[in-house]
Amino acid sequence: MALLNILVYPDPRLRQRAAPVDSVDDSVRKIIDDMAQTMYAAPGIGLAATQVNIHRRIIVADVSQEKNDLRALINPTICDQFGETETEEGCLSLPGITLPVMRSESVTVHAQDQYGNSFDMVADGILAVCIQHEIDHLDGKVMVDYLSRLKRDRLRKRILREQREGSITAVEETATVS
């Protein structure tokens, strides 16, 4: 397993839409293992492959306190959603920043696991929020997209200034898929 570099907003690679995974094999399982290790080390509760410059539809999540409930979702799609809630979200690609985002309270997701088996699951609460957040990444969307254009531009300028000053590290080298 290896730690992967996480892209930091406003890196344009975060806007790239992820391609579906055609076949789940050992190389996909290695990506999942590396993503999980990276997510836990960050520390975070979810990570999309797009965030580590792997543009395939893979996410990992673990919202448990003990960090012992890793979920890998390959080619996830939201089939149904219920309710609405505003949450304060953070993002590993926006270190130190939290923003209010409106999300569904509950979602039904169709995906494949790390062995290629299809499954459906209902996610509520923080897991539902996490899955929606990570699927946004796979679609090239970042949580700042929920802000007004003015607030988004101000935040982008602040982040770029902090990167120049060295308080946020812009990722130059990223993981690649063989």
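Residues numbered from 1 in each chain as written. Predicted model: local features only at pLDDT ≥ 70, side-chain atom pairs only at ≥ 80, totals over all residues. Heavy atoms only, no water.

Novice: Got a minute to help me understand unusual backbone geometry in this structure?
Specialist: Excluding glycine, residues mostly have negative phi values, and the peptide bonds linking residues are mostly trans. The omega angle of the peptide bond from tyrosine 9 to proline 10 is 15 degrees, so this bond is cis rather than trans. Within the element layout of this structure, proline 10 appears in the segment before α1 (26–41). A cis geometry characterises the amide bond from alanine 42 onward to proline 43, with omega recorded as -15 degrees. Turning to its location among the elements, proline 43 is positioned in the loop between α1 and β1 (46–48). A positive phi angle, near 60 degrees, is found at asparagine 53, a position not held by glycine. Mapped onto the secondary structure, asparagine 53 falls in the loop between β1 and β2 (58–61). When its relative accessible area of 16% is taken as the criterion, asparagine 53 is described as buried. (Helix = DSSP H or I, 4+ residues; strand = E, 2+ residues; numbered from the N terminus. Buried < 20%, exposed > 50% of the residue type's maximum accessible area, 1.4 Å probe, protein only.)

Novice: I would appreciate a short explanation of helix α2 (residues 125–138) in the present structure.
Specialist: Owing to its 3.6 residues per turn, the α-helix aligns residues three or four sequence positions apart on the same side. Between its first and last C-alpha atoms α2 spans 21 Å; for 14 residues at 1.5 Å apiece the expected length is 20 Å, and the two agree. What α2 keeps buried is the set Leu127, Ala128, Val129, Cys130, Ile131, Gln132, His133, Glu134, Ile135, Asp136, His137 and Leu138. Downstream of α2 by a residue or two, glycine 140 has a phi angle that is positive, lying close to 80 degrees. (Expected span 1.5 Å × (residues − 1).)

Novice: Would you explain the confidence of the model for the chain in this entry?
Specialist: When pLDDT drops low, the exact placement of atoms in the prediction is not to be read closely. Here the chain shows a mean pLDDT of 92. Residues at 70 or above account for 93%. Low pLDDT (under 50) marks residues 170–178, which in the prediction has 21 contacts with non-local residues, meaning those over four places away or in another chain. (pLDDT = per-residue confidence, 0-100. Contact = heavy atoms within 4.5 Å.)

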